[in-house]
Each structure stands twice: as C-alpha cells, then as structure tokens.
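Notes for the structure review
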Amino acid sequence: MNYPRQYNAVVDFVDRHRQQGRASKTAFIDPHTSVTYGDLCDNTHRVANLLIAHGVEMENRIALLAHDTVHWPAIFWGAMRAGVIPVALNTLLSRDQYHYILADTRAKALFVSPALLEIVEPILPQLPHLKQVFVVSATATENTVAGRIDYATALAQQPPQAETADTCNDDVAFWLYSSGSTGMPKGVPHVHTSLMETARLFAQGILQIGEEDVVFSAAKLFFAYGLGNAMSFPMSVGATAILWPDRPTPEAVFAILKKHQPSIFYGVPTLYAAMLAHPDCAREDSSAELMRCAAKLRHCVSAGEALPAEVGARWKSVFAVDIIDGVGSTELLHIFLSNRPGDIRYGTSGKAVPGYELRLIDEHDQSVAQGEIGELLVRGPSSANGYWNQLHKSRTTFAGEWTRTGDKYTRDKEGYYHYCGRTDDMFKVSGIWVSPFEVESALVSHPAVQEAAVVGYEDNQGLTKPRAFVVLVNHENQDDLYEELKARVKQKIGKWKYPRKIDFVKELPKTATGKIQRFKLKGV
C-alpha cells in the first residue's frame, strides 16, 4: 500500500471515524466505563496538549505502564498526535527490569496505574531523564498519589483541539519491548505505517474484520499480539473492543464472552487449554451454557506459542468454532504466518499471510528442501527497523529485508508450515533432530494432560535424551500415567523420541505473553 510521505497514523485510526460519521459509535469498553470514537478523538487532542504543556517535545519518548482500560488508547494515540513516541511496557515485570527499560528509553514522562506505581516508585529518582509521572486511575474512586499528577484531572484541564504533528510515514511512531526468552527485553521501534499494514493484511485480509464486530483479546495491549487484536485491528474499521485490566483467568474469560458476546476472540494456547480443562467444560449440563458464551463467535485466534492440534480439535468440538492458529513476533508486529477461515490445518501454522514472504534456511543461510528443518525468515511491510541500542543483535536478526525469527520449521508438499521449536530448544537424539513441540503435542493428545514442555538432557552416558515436564488436568494418579505417556509418544511420533524422564508439575515457566521458557527447565 502506498502512503503519503507526510503521514501520521492517528489520522487513519482516530480522526477518520469522526469524519465518516462514527463519532457516537462505542470504541472501547472496560469493566468501569466505555468511550465513543468521538470522545476518544477529543481525548487524544487533550493528551497531546497535556504533553506539550509539560515540556514533552516531538520525538521525545514517554513510557506507558498501565492496565488495559479506555485510558490506554487515548494516551497511546494522543502521544502520536503530538509526534511523541509512546513506549508500551509489560505490566508483569520486576522492578529491576523496569529500571533497565525506563533508563533504556530515556522517557520524559511516565503514565502508570496506581498498583504499578508502587513497584516502580523506588527507582524513579534514579532516572534523570524522567520529568513527570501521571497516575492513570481506572476509576474516580481510586486514591490519588501524593506528589504525582492525577491523569484524569490534568486531562480535563486541556482543550480538545491540538495540532497533529506533521510526521513522515517512516518516522518511528511507537516502541514495544520484546518479551525475550532470556536476558533483558529489547526495545523494538515501529514506524507509522506498520499498524495499518498489519490491520490490512491480517485483520482485514484474513479475518475479514468489519465495523459490526465486537472483539475481545486476552492478550494485553503492551504485547504486539494484543496491540493489534484489541486496538489497531478494531480501530482500522470502526469496530468495538472489550478491554480487561486484570488477569484473563478462564472464569473471567467465560464471564466476558457471556456478557459481551464478542464475534472475535483472541487467546493463547495456554488459555485455550485451561478453559477446556475448566470444570465448566466438564459438567454434563454445561453444553447449553458454553454455547451461550460462544453464541456470536465467528473467529477464535491463537498466537504466542504453537497451538497443539489436540487443543484446536477439542475447542472446535466444544464451541463449534475453529481456532485460527498463527505466528507473529514483536519484530514483525503481528501475525505473518497463519491458518485461515476455511483452511484450518491443525498441527500446522498454516501458510504465509498474503503480503509476507517466508524462507527456510540452514546454518549456512541456504534454502532447505521440502520436508527439511530450517530457520524461518520473514520479509514484509511491518518489520521493525532494528533493536534500540543493540547493534550486534540488530545485525544478526535483521538481515536486509529479511528478519530471522529464531523458529525452526518444515514445509510440506502442500505448502503448510510445521513448527518444530525455537532454534535454541532443538536437540538431536541418536543423530536425528527432535522437535520439542512434536513431543509436547503427542503428550497433550492424552486426555489427562493439560500442558507439556520438553527439553534435552544428558543421561549417565553423556547422551542427549528427551525429558518432559507435564501439567495434568487432575494431579492424581501420576504413577499410572508415567509408562502410559511414554508409550503414547512412541506410538504417535517414533520410538526414539519418547521422554526418558517425565516430571509432573503444577505449572510451566512462561513469559508474560504465554511463551514457555524451556531454558529454565534445562538445568532442573
């Protein structure tokens, strides 16, 4: 798509809806309030004026560390209206990680929820670039914080008209931070056109999202997947999004589905598995109640980790809606490889989203043959410029027009991509590559297994063997399952791939975005 040289994404995503008669249409709903497209537009002007009044200038950065409420999009787009760069921060990090990120961004202002302010307050005096802290309360009843600026009060004092910054289409518009499986997160800047590219290619092209849709994403706005799902995708067409500031437990998600009746639901494999394992799905009289939750669902989407085929098939049998499993990344902003409506192949990641190109390469950067394992590279219009202040990592990840994903895949004769695992998670047994995901999928196919993670370990002869960590639906009768699970893997995917050790655990280590951190299991 061709964009004018002078382009600010706020015009497409915010201003256009007022011009096209959607000012009174509900844009966002949270547990406490809702906001129309017209009110959202006014609030973005107020945010722009608020930043200018406090000395935040064009191309400065602000940090957005807030829970998902109707205030979040107003701050994000208001900053972009002023030519200021919002940096969305994960709400589940440690104090040390926040210290690192806030210092890394050199943010001039911080917009923070009261509960999160308690975590970062001790480190704020150590940040010389930070000049203002705005406390973003979800409701008027939350206590104001002494010595800090109340966002709602300050916003109300600003006029609802501001100049929109004359940015370039290649200007950096916002940052995200990659969740990262190891080490500190990496800053990922994206330009103004990236949001509309992902909305155009995946949301409109694959999901056929429309103005009449109501969407709910369990993934949060700070996460690239959630940013598209719950904000840029619905706003690209004037749809309505449900925001949930708290943890998306199965109970909470069922309640939201029943109350708001969304037409598109975005989850992650862990959540889909947990919902299927929930007692509400096991009761004999649950069918009618579950169908009421899914009455208007036309699409369910999954990303963050590969979806086990068994989870997808079980979800379809319970809710009568397929899960569209896709692959995306912070570096590409959203999904670039996906199944699609009418072409669901459970156990695969589908095919390239039109507009993106894919390659599989070996360790010498040569393309691999059909059926062989290779690292996945992506080329497309939403790729980031690189990592902030990480030159070496930028050069190893962003290879010209191509972006290395760090994921291992095979491609079958019909063009479907099969996930094998992260490059660092793959290992060989008897000289043959073993895909952790393949073994995990075989384990999850057992009705007693909710989740599984597989790593390699050295036995007493120094040979690498698979080891599984398994979360059960019911934690009883573990001894009876030990040999049964081994036999299941042998029967499904091959005798040499079965786990020589199986550890039954209550939960698996994961990032805030739901990715299993297998590296934490390797030294256990």
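**Some details on the overall build of the protein chain**
For the protein chain, the count of helices and strands is 17 helices and 26 strands. A globule of 524 residues ought to have a C-alpha radius of gyration of about 24 Å, and the protein chain, at 23 Å, matches this closely. Along the first, second and third principal axes, the C-alpha atoms of the protein chain reach 70 × 55 × 45 Å. Scored against the burial criterion, the 524 residues of the protein chain give a buried share of 57%. Sequence-distant contacts, at least 24 apart, represent 66% of the contacts inside the protein chain between residues at least 6 apart. For the protein chain, the accessible area works out to roughly 21,400 Å², and carbon and sulfur atoms hold 48% of it. Of the side chains in the protein chain, 54 bear a positive and 58 a negative charge, and the two mean positions are spaced by 3 Å.

**Notes on empty space enclosed by the protein**
A complete count under the given rule lists 1 cavity of 30 Å³ or more for this structure. Lining the largest cavity are 18 residues, and of these Pro269, Ala306, Pro308, Ala452 and Ile516 lie nearest its centre. Secondary structure elements with two or more residues in the lining of the largest cavity: α10 (269-277), α15 (436-444) and β24 (449-458). Residues that form the lining of the largest cavity fall into these classes: 10 nonpolar, 4 polar and 4 charged.

**Comments concerning the pattern of salt bridges**
According to the stated counting rule, one finds 21 salt bridges in the structure shown. Between Arg345 and Glu414 there is a salt bridge, and its shortest N-O distance comes to 3.2 Å. Placement of the pair is Arg345 in the loop between β15 (335-338) and β16 (351-352) and Glu414 in the loop between β20 (402-411) and β21 (417-422), with a sequence separation of 69 residues. Assessed through its relative accessible area of 29%, Arg345 is described here as partly exposed. We classify Glu414 as partly exposed; its relative accessible area is 45%. By sharing partners, the salt bridges in this structure join Glu305, Asp425, Glu440, Arg518 and Lys522 into a single network.

**Side note on the pairing of β24**
In terms of burial, β24 is a largely internal element, 8 of the 10 residues being buried. Across 9 bridges, β24 lies against strand β25 (residues 464-472) in antiparallel orientation. Across the sheet, the residue bridging to Ala452 is Val470, located in β25. If you look at the hairpin formed by β24 and β25, you'll find 5 residues sitting between the two strands, and Gly462 has a positive phi there, around 80°.

**A short note on the packing of α10 against helix α13 (residues 309-319)**
Packed helix pairs are specified by the crossing angle of their axes together with the interaxial distance, meaning the distance between the axes. Interhelical geometry of α10 versus α13 gives an angle of 50° and a closest axis separation of 10 Å. For the element pair α10 / α13, the angle class is oblique. Crossing handedness for the pair α10 and α13: left-handed. Across the interface between the two elements, Tyr272, Ala273, Met275, Leu276 and Ala277 of α10 pack against Val311, Arg314, Trp315, Val318 and Phe319 of α13. A class-by-class count of the residues in the contact of α10 with α13 yields 9 nonpolar, no polar and 1 charged.

**Some thoughts on helix α2 (residues 37-53)**
Along its 17 residues, α2 runs 24 Å from first to last C-alpha, staying within 8% of the 24 Å computed at 1.5 Å per residue. Counting buried positions along α2 gives 12 out of 17 residues, so the element sits mostly inside the fold. By the burial criterion, the buried members of α2 are Tyr37, Gly38, Leu40, Cys41, Asp42, Thr44, His45, Val47, Ala48, Asn49, Leu50 and Leu51. Of the residues one or two after α2, Gly55 is the one with positive phi, at around 80°.

**Things to note about the environment of Leu124**
By the element assignment, Leu124 lies in the loop between α5 (114-120) and β6 (132-135). Expressed as a C-alpha distance, the spacing of Leu124 and His99, which sit 25 residues apart in the sequence, is 8.1 Å. Among residues more than four places away in sequence, those in contact with Leu124 are Leu102, Leu110, Leu117, Leu130, Val133 and Arg148.

**Some details on α10**
A large share of α10 lies buried, amounting to 7 of its 9 residues. Among all positions of α10, only Pro269, Leu271, Tyr272, Ala273, Ala274, Met275 and Leu276 are buried.

**A look at the pairing of strand β1 (residues 26-29)**
Here β1 runs beside strand β2 (residues 34-36); their pairing, made up of 3 bridges, is antiparallel. When the sheet's bridge partners are listed, Thr26 is paired in β2 with Thr36. A loop of 4 residues connects β1 with β2, the two strands running antiparallel in sequence. Inspection of the sheet shows β1 paired to strand β11 (residues 240-242) by 2 bridges, in the parallel sense. Bridge assignment links Ile29 to a residue of β11, and that residue is Ile242.

Criteria and thresholds
- Residues numbered from 1 in each chain as written.
- Predicted model: local features only at pLDDT ≥ 70, side-chain atom pairs only at ≥ 80, totals over all residues.
- Heavy atoms only, no water.
- Helix = DSSP H or I, 4+ residues; strand = E, 2+ residues; numbered from the N terminus.
- Rg over C-alpha atoms; globule rule 2.2 N^0.38 Å.
- Buried < 20%, exposed > 50% of the residue type's maximum accessible area, 1.4 Å probe, protein only.
- Contact = heavy atoms within 4.5 Å.
- Areas by Shrake-Rupley, 256 points an atom, 1.4 Å probe, with all protein chains shown as cover.
- Lys, Arg positive; Asp, Glu negative; His and termini not counted.
- Charge placed at Lys NZ, Arg CZ, Asp CG, Glu CD.
- 1 Å grid on protein atoms, 1.4 Å probe; cavity = no way out; pocket = protein on both sides within 12 Å on 5 of 7 lines; lining within 4 Å.
- Points joined across faces, edges and corners; volume = space filled by probe spheres on them.
- Nonpolar A, V, L, I, M, F, W, Y, C, P; charged D, E, K, R; others polar.
- Salt bridge = Lys/Arg side-chain N within 4 Å of Asp/Glu carboxyl O.
- Pairing = 2+ DSSP bridges.
- Axes fitted to C-alpha atoms, helices over the stretch in contact; angles between N-to-C directions.
- Parallel < 35°, antiparallel > 145°, perpendicular 65-115°, else oblique.
- Left-handed = near helix turned anticlockwise from the far one by under 90°.
- Expected span 1.5 Å × (residues − 1).

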